[in-house]
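Below, each chain spelled out in residue letters.
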Amino acid sequence: MAEKTYQVIVRGKFAPLGDAQRAALLARADEHDVFQAKFTEEGTVTYERSLLGFTFRCLVPATREEAEAVVIGRAEALAATAVAELGAGHRDLTSVSTDLDDIKIRHRARS
C-alpha cells in the first residue's frame, strides 16, 4: 500500500533515430508539447521538434521503507517504456524526485 507519493522528472536523449522514426515523432509532436505535460501515475512524455531529447513527468507511489533510488528506478522504467511506445529508443537518463510530503504550501496573507 502506497504511503507516499513522489513527483519525478526524467530527462533523456533519444537514441539515434532513423528517418521513419523522426517522421513519426514529428507527426505527433503537438501531442507531446510541454503544454501537455502532467504529473500522473502513467506519466507524460514531452519533446521539442529538434528531437534532441525528451522529458518524462510522473507520480510514483511508494511505501515509507522504499528508498528514493527505487522510486527513481521505477520512474526511469516508465520513461523507457513510454519512449519505446513512441517508436524510439533512449539514452542518458537523469532524474530528480520530490517527495510530495516535503512540499510546503505558503498561503498569501490577506490584506
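Conventions adopted
Residues numbered from 1 in each chain as written. Predicted model: local features only at pLDDT ≥ 70, side-chain atom pairs only at ≥ 80, totals over all residues. Heavy atoms only, no water. Helix = DSSP H or I, 4+ residues; strand = E, 2+ residues; numbered from the N terminus. Buried < 20%, exposed > 50% of the residue type's maximum accessible area, 1.4 Å probe, protein only. Phe/Tyr/Trp six-rings, centres within 6.5 Å; stacked < 30°, edge-to-face > 60°.

> Could you give an account of the overall build of the protein, naming the residues involved and the relevant values?
Regarding its fold elements, the protein presents two helices and four strands. Starting at the N terminus, the α and β elements of the protein follow one another as β-α-β-β-α-β. The principal-axis extent of the C-alpha atoms belonging to the protein is close to 55 × 40 × 20 Å. Considering the protein as a whole, with its 111 residues, one finds that 32% of them fall into the buried category.

> Just give me the short version of the packing of aromatic side chains, but keep the residues and values in it.
On inspection of all chains with the given rule, the structure shows two aromatic pairs. The interplanar angle of 85° and the centroid separation of 5.7 Å between the aromatic rings of Phe-14 and Tyr-47 together place this pair among those described as edge-to-face. Here Tyr-47 lies in strand β2 (residues 44-47) and Phe-14 lies in strand β1 (residues 4-14), a separation of 33 residues in the sequence. We classify Phe-14 as buried; its relative accessible area is 4%. Pairing Phe-14 with Phe-54 gives two aromatic rings, centres 5.3 Å apart and planes at 50°, and the pair type is tilted. Here Phe-14, found in strand β1, pairs with Phe-54, found in strand β3 (residues 53-62); they are 40 residues apart in sequence, far enough to count as distant.

> For unusual backbone geometry, give the residues involved together with the corresponding values.
Phi is positive for Leu-51, close to 60°, though the residue is something other than glycine. Tracing the sequence through the fold places Leu-51 in the loop between β2 and β3. Assessed through its relative accessible area of 6%, Leu-51 is described here as buried. Positive phi, close to 55°, is recorded for Asp-92, a residue that is not glycine. Relative to the elements of secondary structure, Asp-92 occurs in strand β4 (residues 90-99). You can call Asp-92 partly exposed: its relative accessible area is 45%.

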